[in-house]
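These are the residues of each chain, in order.
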Number of protein chains: 2
Amino acid sequence: MNTILDGMRVVEGSAFVAAPLAGMTLAQLGADVIRFDRLQGGLDAERWPITADGRSLFWAGLNKGKRSLAVDMTTPEGREILTRLICGPGPDAGIFLTNLRLRGWMSYEGLKQHRADLIMMAVLGDRHGGPQVDYTVNPAVGFPHATGPEGSLEPVGHALPAWDCITGQQAAMAIIAADRHRRKTGQGQLMELALKDTALAMLGNLGIIAEASINGHDRPKMGNSLYGAYAQDFICQDGARVMVVALTDRQWRNLKTATQSDADMDQLAHRLGTDLGQEGMRFIHRHAITALLKPFFEERSLGEVATCLSAADVTWSQYRSFRQAVQEDPDCSLDNPMFAMVNQAGIGSYLTPGSPINFMGLERLPPAPAPTLGQHTQEILTEIGFSNTEIAGLHDKKIVASPR
Amino acid sequence: MNTILDGMRVVEGSAFVAAPLAGMTLAQLGADVIRFDRLQGGLDAERWPITADGRSLFWAGLNKGKRSLAVDMTTPEGREILTRLICGPGPDAGIFLTNLRLRGWMSYEGLKQHRADLIMMAVLGDRHGGPQVDYTVNPAVGFPHATGPEGSLEPVGHALPAWDCITGQQAAMAIIAADRHRRKTGQGQLMELALKDTALAMLGNLGIIAEASINGHDRPKMGNSLYGAYAQDFICQDGARVMVVALTDRQWRNLKTATQSDADMDQLAHRLGTDLGQEGMRFIHRHAITALLKPFFEERSLGEVATCLSAADVTWSQYRSFRQAVQEDPDCSLDNPMFAMVNQAGIGSYLTPGSPINFMGLERLPPAPAPTLGQHTQEILTEIGFSNTEIAGLHDKKIVASPR
C-alpha cells in the first residue's frame, strides 16, 4: 500500500508518551517503526489504564503499527544487534528516536561511528538532561494557576498530558525534516527536544511571556470562559451542559440569533456604555452577557437548545464524559473513517484510531494493533543478516526473546 | 544561513491558533512562510492578550518569522495574485496551508488547475467542515469532566488550547511529509486535518477509548494526582507548592530517599497488605502515601525541600504563575539558547522563543519578529513577477496594501 512516508525506517528506544507517540505517529504515516525493549518490557509496559487482568491499554494505544524487538541491551551481543539495526544501510534507514538515558555506545557519538549520516532524535525532560515529565513541566510553566474556577487559588493540573502530546508531534516532524535535509545534503545529525522547552516555547507563542513581561500581568483563572473573547458553558433544563463560543463577529451574531437576544444585547451594551461587537469587550463584560443568556438555556432541554444553536450555525458543543463521548458521539464511532475496530492481542477488539491526517491523494492507512513484546524479533534479526542458527543461539542465551 | 527546511516555501491563509502555529513552526525551521490577510488584517488580528494600546501579543507570538502580504481577496486581481503565489513555480513551492472556508477559486480543485502537484493542508473544525474550535472540542471529548478536584462534579476547561497546539504541529508535519512524497513521486495532494479528529485520535492513543469500552469505566477527577501511578502536589512551610512524580521504580526509590520515608513506606505497605513497588498500587493508595509524606513538606521551606529532592534526583518542580515562571525560571530567560530578546514593531522588546527543536548539525535559527500587516507586500509581488508600475497600480486600487 502506498503511504506518505513510504520506505522510511525508524528505530525507537522509548517509554511513556512523547517518544512512543512520535514513533506511532510515523508508523501511522507508513514508516516502518521498530521499537526495541528489554526482555521484560519497557518502563511503560504496565502503565495505566490497564484491563482487569493487568494489560496496559496505554501501551497498546501508543505503540500501534510498530514492530517489536525484545533484546537485552546490557549484553555485548544485544548492543551489536541494536547498533546494526539503528545504523542499517539504505537512504531510508539510519533514524533513531529515543528518550532513554544515552550513554556510551547508545550515544550519538557512539552510534555515529557506525553510520556517519545517522539521524537521531533525543527527547529530553529539560534542556539540561534533567528528569522532567509532563506533570512537573505543567506546574513549572504556570498553567495550573490559570486553570479552574474564577477566584479560586487552588492550582489545577491538566488530565491530558498536553506537553507530551505536542512534543511527540514535534519529534515526528523533526525526523521527517531531518530526512529531507539528509536527502538534500547527505548530512545526518543529532536533534534534541526537551519537554520543558516545548512548553516554554508555547508560552511564548501564545503571547503569555509577552503578557507577563510587557503588561506585567498575571492571567487569572476564569473558569470555563475563554480569555479575551466570549465563550461560556451553560446548563440546560435537563441538566445537560453545553459550551458556546463567540470569538469572531460571525460567531457572535449567530449566537445572538440563536438565542434571540439581539435586542437585549443592544440594551445591555447601551447600559454598559460599550460595544459588544468588540471581542475584548465581550470578554470584559462576560458575566453580564452570561446572565442575560442563562434563561435561554435553563428553559430548554438539550434537544431544544441543540436545534436552535445548530440552525444558526453557532460554534458549540455538548459536555460529555469520556464514556459518553465513546458511547454517543458519531465522530467517535465507525461512522468516522479515522476509526476501525482493531483486535489487540490479549485485550480484545475495540474502536481504534488511525492518523487524524487524511492524505487524500492516498488510500487511508487503517489502524494496526500494537505488537506483543518481541513479536517481530525473529523477522527483524533475519532482515539485518542473522542466520536462523544464530537467532536460535541468541534466544538460547536469552539475549533476545520472542513470544511463546 | 543553512536551515533544516532550506528552500521550502509555504503560503498561509489562516487565523487563530492551529494553522498559524503550523506556519510559524515551519518558518522557525527555515521555510519561507508567507501569510496573506485582508487589508484590515485577519480575524485574529486583535486577539487577546493585547497591550495597553490594543496590539495583539497573541498575533505577534503566532506569526513570528513569516512574511506578510495584505491583499483584498474579494477582487479578481487579488485572486490572481494569490493563485500565482500559491501555485508558484519550483519544486519547493506550491504548498498552501489554510483554515479558511474554502470555496470556488481557493478550493483545492480550483487551485489544482494552476498547479497539478499542489500540496494543500486544510485545517478543519470537525471532519464535516463544521465550526468547532479548541474550546468546544475539549468538552465534547471528555477532558473537563476528568479535570479538577477529586469528588467535584464541575467540569473544568483547560487554559492551554492543547488541541490547537497539537493540530498545529501535525499540520506542519503533514506538509513536510507531503513534500517528501512529492519529491519521490511527483504527486501533490489535498490533506485534511480536523481539530476534533486530533482530539479523538489522542483519546484512543492514550488508552481512554479502550478504557471506556473494554473496562466500561469512566475516569474520575483526581485533583493533581497522576492517574495510575504516584504524583502529588505538596505545600511547603513557606506556602510554596511543589509537584513530585514517582512513575518509575527509580523515581519512587528516589522520592523515598529524599523524604527519608523508606521505613515508613514499608510499614504502610505492610499495614495495607500491598506492594507499593507497583505503580498501580501507589495510585490506589495515593492518599495514604500523601498523608505520610505531607509533614516532610510542611516542616521545610521550599529551599530545604528543593535541596533534599534535587540531591536524590527526584522528578519534581515548583508551581509558578506565568509571571513567576517568566521572572524566576532560568529556563525561561536568555540563559536558555532557545530564547532571544526580539523587538516586535509597535510593542517593544521581549523574550521570544525560537523552535524548541535543536538541530545540532546546524546553527540554531534565532527567533524573528512577526511581520507588520503587509510588510512584505511589495517584495512578494516583485518576486512573483509584478512590475513596480503594476504594484503601484494595485496599491492605488486598494487591492494590496503596505504599511505607511
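Residues numbered from 1 in each chain as written. Chains lettered and ligands numbered in written order. Predicted model: local features only at pLDDT ≥ 70, side-chain atom pairs only at ≥ 80, totals over all residues. Heavy atoms only, no water.

- Identification of chain A as 2-methylfumaryl-CoA isomerase from Candidatus Phycosocius bacilliformis is taken from an unreviewed UniProt entry.

Describing the overall build of chain A
Next, step 1: A count of helical and extended segments in chain A gives 16 helices and 13 strands.
Next, step 2: Across its three principal directions, the C-alpha atoms of chain A cover 85 × 45 × 40 Å.
Next, step 3: Within the span of chain A, comprising 404 residues, buried residues form 62% of the whole.
Next, step 4: Look at the contacts in chain A between residues 6 or more apart in sequence, and 67% of them connect residues 24 or more apart.
Next, step 5: Approximately 14,700 Å² of chain A is accessible, and the part contributed by carbon and sulfur atoms is 50%.
Next, step 6: Across chain A, the centroid of the 37 positively charged side chains sits 5 Å from that of the 44 negatively charged ones. (Helix = DSSP H or I, 4+ residues; strand = E, 2+ residues; numbered from the N terminus. Buried < 20%, exposed > 50% of the residue type's maximum accessible area, 1.4 Å probe, protein only. Contact = heavy atoms within 4.5 Å. Areas by Shrake-Rupley, 256 points an atom, 1.4 Å probe, with all protein chains shown as cover. Lys, Arg positive; Asp, Glu negative; His and termini not counted. Charge placed at Lys NZ, Arg CZ, Asp CG, Glu CD.)

So, the packing of aromatic side chains
Next, step 1: Under the criterion given, the structure shown has 18 aromatic pairs over all chains.
Next, step 2: Here the aromatic rings of phenylalanine 143 of chain B and tryptophan 163 of chain B are separated by 5.6 Å at their centres, their planes lie at 50 degrees, and the arrangement is tilted. Here phenylalanine 143 of chain B, found in the loop between helix 5 (134-141) and helix 6 (162-185), pairs with tryptophan 163 of chain B, found in helix 6; they are 20 residues apart in sequence, far enough to count as distant.
Next, step 3: Taken together, Trp48 of chain A together with Tyr227 and Phe283 of chain B form an aromatic cluster joined through their ring pairs.
Next, step 4: Taking the ring centre of phenylalanine 386 of chain A as reference, the NZ or CZ of arginine 84 of chain A above it sits at 4.1 Å. (Phe/Tyr/Trp six-rings, centres within 6.5 Å; stacked < 30°, edge-to-face > 60°. Lys NZ or Arg CZ within 6 Å of the ring centre and 35° of its normal.)

Here's the deal with the interface of chain A and chain B
Next, step 1: If you look at the interface, chain A gives 150 residues, while chain B gives 150 residues.
Next, step 2: When chain A packs against chain B, close to 12,600 Å² is buried across both sides, 64% of that on carbon and sulfur atoms.
Next, step 3: By the criterion of area lost to chain B, the three top residues of chain A are Trp48, Arg180 and Phe322 of chain A, representing 7% of everything that side buries.
Next, step 4: The interface formed by chain A and chain B contains 18 salt bridges. (Buried area = accessible area lost by both parts, 1.4 Å probe. Salt bridge = Lys/Arg side-chain N within 4 Å of Asp/Glu carboxyl O.)

A look at the side chain of glutamate 12 of chain A
Residues and elements named next belong to chain A.
Next, step 1: Residue placement: glutamate 12 occurs in strand 1 (residues 9-13).
Next, step 2: On the basis of relative accessible area, glutamate 12 is assigned to the buried category, the value being 0%.
Next, step 3: A polar contact of 2.5 Å, which involves the side chain of glutamate 12, links it to the side chain of serine 14. (Polar contact = N/O pair within 3.5 Å; in protein donor to acceptor, adjacent residues only side chain to side chain.)

Details of the packing of helix 10 (residues 262-272) of chain B against helix 12 (residues 286-298) of chain B
All names here are of chain B.
Next, step 1: The N-to-C vectors of helix 10 and helix 12 enclose an angle of 150 degrees; their axes lie 11 Å apart at closest approach. Classed by the angle they form, the pair helix 10 and helix 12 counts as roughly antiparallel. Once helix 10 is placed against helix 12, the crossing between them reads as right-handed. Seen from helix 10, the contacting residues are Asp264, Met265, Leu268 and Leu272; seen from helix 12, they are Ala288, Ile289, Leu292 and Leu293. (Axes fitted to C-alpha atoms, helices over the stretch in contact; angles between N-to-C directions. Parallel < 35°, antiparallel > 145°, perpendicular 65-115°, else oblique. Left-handed = near helix turned anticlockwise from the far one by under 90°.)

A closer look at the sheet that holds strand 7 (residues 230-235) of chain A
Next, step 1: Spatially, the three strands line up as an open sheet ordered 7-8-9 (chain A), and their pairing is antiparallel. Unpaired on one side and paired on the other, strand 7 and strand 9 (315-318) of chain A mark the two borders of the sheet. The mean angle between the axes of side-by-side strands here comes to 15 degrees, regardless of whether they run parallel or antiparallel.
Next, step 2: In this sheet, strand 8 (residues 241-246) of chain A lies alongside strand 7 of chain A in antiparallel orientation, the contact comprising six bridges. Within strand 8 of chain A, the position partnered with alanine 231 of chain A by the bridge is valine 245 of chain A.
Next, step 3: Contacting strand 7 and strand 8 of chain A, helix 12 (residues 286-298) of chain A crosses the sheet at an angle of about 35 degrees to strand 7 of chain A.
Next, step 4: Relative to strand 9 of chain A, helix 5 of chain B is tilted by about 15 degrees, and along the sheet it contacts strand 8 and strand 9 of chain A. (Pairing = 2+ DSSP bridges.)

Remarks on the nonpolar core
Next, step 1: Membership of the largest hydrophobic core comes to 120 residues, with the highest contact counts inside it found for Met121, Leu160 and Trp163 of chain A together with Met121, Leu160 and Trp163 of chain B.
Next, step 2: The residues touching leucine 160 of chain A, leaving out its near neighbours within four places in the chain, are Asp134 and Cys165 of chain A together with Phe143, Ala162, Trp163, Ile166, Met202 and Leu206 of chain B. (Core = buried A, V, L, I, M, F, W, Y, C linked by side-chain atoms within 4.5 Å.)

Here's the deal with the pattern of salt bridges
Side chains that differ in charge, positive against negative, can pair when their charged atoms come close.
Next, step 1: Across all of its chains, the model carries 55 salt bridges over all chains by this definition.
Next, step 2: The closest approach of N and O atoms between arginine 241 of chain B and glutamate 154 of chain A, which form a salt bridge, is 3.1 Å. Of this pair, arginine 241 of chain B sits in strand 8 (residues 241-246) while glutamate 154 of chain A sits in the loop between helix 5 (134-141) and helix 6 (162-185), on two different chains.
Next, step 3: One salt bridge connects arginine 67 of chain B with aspartate 32 of chain B, and the closest N-O pair in it is separated by 2.9 Å. Of this pair, arginine 67 of chain B sits in strand 3 (residues 67-71) while aspartate 32 of chain B sits in strand 2 (residues 32-37), placing them 35 residues apart in sequence.
Next, step 4: Assessed through its relative accessible area of 11%, arginine 67 of chain B is described here as buried.
Next, step 5: Among the charged side chains, a network of salt bridges with common partners joins Arg127 and Lys196 of chain A together with Arg320, Glu328, Asp329, Asp331 and Asp335 of chain B.

Here we look at the relation of the copies chain A and chain B
Next, step 1: If you rotate chain A by 180 degrees and push it 0.0 Å along the axis, it lands on chain B with an RMSD of 0.0 Å. Taken together, the rotation and translation describe the operation of a two-fold axis.
Next, step 2: In this assembly the copies share their binding face: 100% of the residues contributing to the interface of chain A also contribute to that of chain B. (Least-squares fit on C-alpha atoms with pLDDT ≥ 70 in both.)

Description of the confidence of the model for chain A
Next, step 1: Confidence in the prediction of chain A, expressed as mean pLDDT, is 97, and 100% of residues score 70 or more.
Next, step 2: Model confidence for the complex is summarised by a pTM of 0.98, with the ipTM given as 0.98. (pLDDT = per-residue confidence, 0-100.)

A closer look at the domain arrangement of chain A
Next, step 1: Looking at chain A, the domain boundaries give domain 1 (9-203 + 333-401) and domain 2 (241-318).
Next, step 2: For domain 1 of chain A versus domain 2 of chain A, the distance between C-alpha centres works out to 44 Å. (Domains from an automatic or database assignment.)

Side note on helix 13 (residues 302-311) of chain B
All names here are of chain B.
Next, step 1: For helix 13, the complete set of buried residues consists of Leu302, Val305 and Leu309. The arc that holds every buried residue of helix 13, seen down its axis, measures 65 degrees, which confines them to one face. Structural note: helix 13 exposes Thr307 and Ala311 on the side pointing more than 90 degrees away from its buried face.
Next, step 2: Considering only its buried residues, helix 13 is in contact with strand 8, helix 9 (249-258), helix 12 and strand 9 (315-318).
Next, step 3: Immediately downstream of helix 13, the backbone of aspartate 313 shows phi near 60 degrees, a positive value. (Arc of directions from axis to C-beta.)

Thoughts on the pairing of strand 5 (residues 119-124) of chain A
Residues and elements named next belong to chain A.
Next, step 1: The element strand 5 is extensively covered by neighbouring structure, given that five of its six residues are classed as buried.
Next, step 2: Note: strand 4 (residues 95-98) against strand 5, four bridges, orientation parallel. In the strand pairing of strand 5, phenylalanine 96 is matched with methionine 120.
Next, step 3: Of the strand pairs in this sheet, strand 5 and strand 6 (residues 189-194) are connected by six bridges, and their pairing is parallel. Each bridged residue has a counterpart across the sheet, and for isoleucine 119 the counterpart in strand 6 is glutamine 189.

Comments concerning empty space enclosed by the protein
Next, step 1: Per the stated rule, a full pass over the model turns up six cavities of 30 Å³ or more.
Next, step 2: Of the volumes computed, that of the largest cavity is approximately 140 Å³.
Next, step 3: His158, Ala159 and Leu160 of chain A together with His158 and Ala159 of chain B are, among the 17 residues lining the largest cavity, the residues nearest its centre.
Next, step 4: A breakdown of the residues in the lining of the largest cavity according to their chemical character gives 10 nonpolar, seven polar and no charged. (1 Å grid on protein atoms, 1.4 Å probe; cavity = no way out; pocket = protein on both sides within 12 Å on 5 of 7 lines; lining within 4 Å. Points joined across faces, edges and corners; volume = space filled by probe spheres on them. Nonpolar A, V, L, I, M, F, W, Y, C, P; charged D, E, K, R; others polar.)

Digging into the environment of valine 400 of chain B
Residue and element names in this part refer to chain B.
Next, step 1: With respect to the helices and strands, valine 400 occurs in strand 13 (residues 400-401).
Next, step 2: The exposure class assigned to valine 400 is buried, which follows from its relative accessible area of 2%.
Next, step 3: Dropping the residues within four chain positions of it, valine 400 is found in contact with Leu39, Ala70, Val71, Ile81, Thr377, Leu381, Leu394 and His395.

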